[in-house]
Amino acid sequence: MASKLLRGSWKDLAKATSRIPNTFTFPKGFKVSGTIVGVKPKNTTKLDLALIASQTPCSAAAVVTKTKFHAAPITFCRKLLESNSSNIRGVIINSGNANAVTGPGGLADAVAMSQAADQLLGAKDSTLVMSTGVIGQRLPIKKILDGVPAAHEALGDSDTHWLECATAICTTDTFPKLKSKTFTLPSSPSTEYRIAGMTKGAGMICPNMATLLAVIATDAPIAASALQAAIRPATDKSFNSISVDNDMSTNDILAVLANGAAGGPEVTLDKDKAADFEAFKAVLTDLATDLAQLIVRDGEGATKFITVRVKDALSEAGARQIAATVAQSSLFKTAMYGKDANWGRIVASAGSAFVRPGQTQVDDAPDLNPDTTNVSLVPADGSGELKLLVNGVPEVVDEARAAEILEHTDIEVVLSLGTGKHEAVHWTCDMSHEYVTINGDYRT
């Protein structure tokens, strides 16, 4: 089904279809669409307007970018969720233009998009807005508003509808990113709940307490306060644990909607609901992690999916900082592209993880001890790890074995610090010539 829908839509059809599940289980009460409005003047073939709608009001929560230059839709969504997080009906998303750094007019455009969707959904102040694309240009708002009725008319709940919706939010992505799961809750073991999510992103991927563009919907009855409490730790272990190029977007947002259509008691933050809350948080984290990893696998120009695992650290926060610093190193990423087991770039990056501007030396890095640090490569085929550094002493590296490991698409680098018992993981990709080509002419 996926290959039939996507045929001719993607340059690398094999890559696109290989990342899309054969079957989905979408949440009850949601309908979605992906249509063409021509946000970019020359676009007449790519889906670029997505609409996600619930038949009943949803509780909702979101995390957003921390950049000071956040886009107009971010400003709008923040304000809407502050006042109406228990009465959200949908999300409208355009690709091709970020509506970022566009002044008061850009905010007016975001409001207009929301109101146009609200009118067709029979609601008020209930539609979130997202945009993605080129920064600093006003939206062709008339084209978008004229296209909203067609987007509403196209709403449906089939696999095709969801794939078209996921496709409509893409920019430089090489495949649509869509996942779904079923789950149960301790208080309702006989009730099947469903959760589905879509995301986009291939560049400008280095979130900080935020994500990319992502929407997750569930038919479980989750209170807005419980959604907000679950989304932050879920994001930390998923979208905040990935990077492609160490650049944060102006438009990053993850929104989660819950309409309760499957029934059952509402999940809240009350003590007697703790088991349900923890179970839902685990499901949300798993789905968010799946989506986040798809973004890394689709990193602009990427040829490798790299797991940087830091373990035996004094603190989880320290492990996260070290893993992120290594994963975001351009020297490390280019070494992985070149299939070069240059572990010096790994330890050099790790050693700088706690350095701040103006420091003359690092005295406050108890997670790191050069004398107890170990570095190794873990093969994707499950064979034994290749040790590169043991307790601060270099190993005589079998370069042929290292080259064999680095031939794999999936690579894992492990740093064992020997200072504690905590662990963190960060996923990234390599940096290739193609990344420069893609971003060298992004606006054209």
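The numbers attached to residues start from 1 for each chain and follow its sequence in the written order. Given that this is a predicted model, residues contribute local features only at a pLDDT of at least 70 and side-chain atom pairs are listed and counted only at 80 or more, while totals for whole chains, interfaces and linings are drawn from all residues. With hydrogens and water excluded, all non-hydrogen atoms of the structure serve as input to the side-chain values.

> Help me understand the overall build of the protein chain in this model?
Looking only at helices and strands, the protein chain has 13 helices and 14 strands in total. For every residue, the accessible area obtained with a 1.4 Å probe (protein chains only) is divided by the maximum for its type, and the residue is called buried under 20%, exposed over 50%, and partly exposed between those limits. Relative to its 444 residues, the protein chain shows a buried fraction of 53%. In the protein chain, once contacts between residues fewer than 6 apart in sequence are set aside, the share between residues at least 24 apart is 80%. Numbering of helices and strands runs from the N terminus, with a helix taken as a DSSP run of H or I at least four residues long and a strand as a DSSP run of E at least two residues long. Between two residues, a contact is recorded if the distance between any of their heavy atoms is within 4.5 Å.

> So what exactly am I meant to see when it comes to the sheet that holds strand E14 (residues 422-429) here?
Here six strands make up an open sheet; going across it, the order is E12-E11-E10-E13-E9-E14 and the pairing mixed. On the outer flanks of this sheet lie strand E12 (393-394) and E14, each paired with one strand and no other. The convention used is that axes are lines fitted to C-alpha atoms, helices contributing only their stretch in contact, and that angles between N-to-C directions extend from 0 to 180 degrees. Along the sheet, helix H9 (residues 316-327) makes contact with strand E9 (305-313) and E14, crossing E14 at roughly 20°. For two strands to be treated as a pair, DSSP must find no fewer than two bridges joining them.

> Please clarify how a nonpolar patch on the surface should be interpreted in this entry.
Surface patches are defined over residues having more than 30% relative accessible area and no salt bridge, joining like charges when they lie within 9 Å and nonpolar side chains (Val, Leu, Ile, Met, Phe, Trp, Tyr) when within 5 Å. Here, Shrake-Rupley sampling with a 1.4 Å probe gives the accessible areas, and only protein chains in the shown set may cover a residue. The term salt bridge refers to a side-chain nitrogen of Lys or Arg lying within 4 Å of a carboxyl oxygen of Asp or Glu. Judged by side-chain polarity, Phe 69, Val 101 and Ile 135 come together as a nonpolar surface patch covering roughly 290 Å² of accessible area. For Val 101, the location among the structural elements is in the loop between strand E3 (88-97) and helix H4 (103-121).

> Can you walk me through the nonpolar core in this structure?
A general tendency of soluble globular proteins is for nonpolar side chains to be buried together. For the purposes of this section, nonpolar cores are sets of buried Ala, Val, Leu, Ile, Met, Phe, Trp, Tyr and Cys residues that join through side-chain atoms within 4.5 Å. The biggest cluster of nonpolar side chains holds 58 residues, and the ones touching the most others in it are Ile 52, Ile 93, Leu 128 and Leu 257. In terms of residue count, the dominant contributor to this core is strand E2 (residues 49-64) (nine residues). With near-sequence residues (within four places) excluded, Ile 52 lies in contact with Phe 30, Lys 31, Val 32, Arg 89, Gly 90, Val 91, Ile 93, Cys 165, Met 198 and Val 215. In terms of nonpolar packing, the next biggest core, distinct from the first, is built from 40 residues, Phe 183, Ile 216, Ala 288 and Leu 291 among them.

> Which parts of the structure should I look at to understand the packing of aromatic side chains?
Both the distance between ring centres and the angle between the ring planes are used here to describe each pair of aromatic rings. In this scheme Phe, Tyr and Trp rings, the latter by its six-membered ring, pair at centre separations within 6.5 Å, and the angle between planes marks the pair as stacked below 30 degrees, edge-to-face above 60, and tilted otherwise. Summed over the entire model, instances satisfying the criterion amount to four aromatic pairs. Of the aromatic side chains, those joined through ring pairs into one cluster are Phe 24, Phe 26 and Trp 162. Comment: the charge-over-ring label is applied if NZ (Lys) or CZ (Arg) is within 6 Å of the ring centre and within 35 degrees of the ring normal. The ring of Phe 305 carries the charged tip of Arg 297 above its face, separated from the ring centre by 3.9 Å.

> Please explain the packing of helix H3 (residues 72-84) against H4 as it appears in this structure.
Helix packing geometry: the angle between the two helix axes and the distance between the axes. Look at H3 against H4: their axes get within 8 Å of each other, and the N-to-C directions meet at 55°. The pairing of H3 with H4 is recorded here as oblique in orientation. Both H3 and H4 take part in a crossing whose hand is right-handed. Residues Ala 72, Pro 73, Thr 75 and Phe 76 of H3 touch H4, and the partners they reach there are Gly 106, Leu 107, Ala 110, Val 111 and Ser 114. In this classification, Asp, Glu, Lys and Arg are treated as charged, Ala, Val, Leu, Ile, Met, Phe, Trp, Tyr, Cys and Pro as nonpolar, and every other residue, Gly included, as polar. Split into classes, the residues belonging to the contact of H3 with H4 amount to six nonpolar, three polar and no charged. Should an angle fall under 35 degrees it is called roughly parallel, over 145 degrees roughly antiparallel, and 65 to 115 degrees roughly perpendicular, with every other angle called oblique. Helix crossings are classified by the rotation of the near helix relative to the far one: an anticlockwise turn of less than a right angle makes the crossing left-handed, while a clockwise turn makes it right-handed.

> I'm lost on unusual backbone geometry in this one. Help?
Excluding glycine, most residues fall at negative phi; most peptide bonds, likewise, are trans. With a phi close to 50°, Asp 125 is a non-glycine residue in the positive phi region. Counting through the fold element by element, Asp 125 comes out in the loop between H4 and strand E4 (127-134). Exposure remark for Asp 125: the relative accessible area of 43% places this residue in the partly exposed category.

> Teacher, can you tell me more about the pattern of salt bridges here?
Here the idea is simple: oppositely charged side chains can pair when their charged atoms come close. Applying the stated criterion across every chain, the model contains twelve salt bridges. Its salt-bridge partner being Asp 298, residue Lys 177 comes within 2.6 Å of it at the nearest N-O pair. Taken as a pair, Lys 177 in strand E5 (residues 177-185) and Asp 298 in the loop between helix H8 (274-297) and E9 lie far apart in primary sequence, 121 residues in all. Just as Lys 177 is buried, Asp 298 falls in that class too. In this structure, Glu 407 and Lys 339 form a salt bridge, with 3.3 Å as the shortest nitrogen-oxygen distance.

> I keep staring at helix H11 (residues 343-351) and nothing clicks. Help me out?
Spacing of three or four residues puts side chains on the same side of an α-helix, whose turn is 3.6 residues. Buried residues of H11: Ile 346, Ser 349 and Ala 350, and no others. Down the axis of H11, the buried set is contained in an arc of 100°. They therefore lie on one face. Those residues of H11 that are buried are in contact with H9, helix H10 (330-337), strand E10 (374-378) and strand E13 (410-416). Summarising the geometry, the arc corresponds to the directions from the helix axis toward the C-beta atoms.

> Would you explain the pairing of E13 in this entry?
Where a strand is regular, its side chains alternate between the two sheet faces. Counting buried positions over the seven residues of E13 gives six, a clear majority of the element. Looking at chain direction, E10 and E13 are connected through five bridges and run antiparallel. Bridge pairing in E13 links Ser 376 to Val 414.

> When you look at the side chain of Thr 325 in this model, what are you seeing that I'm missing?
You can see Thr 325 is positioned in helix H9. When sequence neighbours within four positions are dropped, the list of residues in contact with Thr 325 reads Ser 349, Ser 352 and Ala 353.

> Would you mind going over the packing of H4 against helix H5 (residues 141-153) with me for this structure?
At a minimum axis separation of 10 Å, H4 and H5 run at an interaxial angle of 20°. On the basis of their axis angle, the class for H4 and H5 is roughly parallel. The chirality of how H4 crosses H5 is right-handed. Across from Asp 109, Ala 112, Met 113, Ala 116, Ala 117, Leu 120 and Leu 121 in H4, the residues of H5 making contact are Ile 141, Ile 144, Leu 145, Val 148, Pro 149 and His 152. Tallied by class, the residues present in the contact of H4 with H5 amount to eleven nonpolar, one polar and one charged.

> How should H9 be read in this particular structure?
Multiplying 1.5 Å by the residue count of a helix minus one yields the expected span of that helix. With twelve residues, H9 should cover 16 Å at 1.5 Å per step; its first-to-last C-alpha distance of 16 Å lies within 8% of that length. Every buried residue belonging to H9 is among Gly 318, Ala 319, Ile 322, Ala 323, Ala 324, Thr 325, Val 326 and Ala 327, and all of these are buried. Contacts made by the buried residues of H9 are with E9, H10, H11 and E14. With a side-chain oxygen lying 2.9 Å from the backbone nitrogen of Gly 318, the N-terminal cap of H9 falls on Ser 315. Here a polar contact means two N or O atoms within 3.5 Å. Within protein one must be a hydrogen donor candidate and the other an acceptor candidate, and residues neighboring in sequence count only if both atoms are side-chain atoms.

> It is not clear to me how the environment of Ala 150 should be interpreted in this structure. Could you clarify?
Residue position: Ala 150 is located in helix H5. Spatially, the C-alpha atom of Ala 150 lies 9.3 Å from that of Ser 33, the residues being 117 residues apart in sequence.

> How should the environment of Asn 240 be read in this particular structure?
Position of Asn 240 among the secondary structure elements: in the loop between helix H7 (224-236) and strand E8 (253-258). Asn 240 sits 187 residues away from Trp 427 along the chain, and the two C-alpha atoms are 9.6 Å apart.

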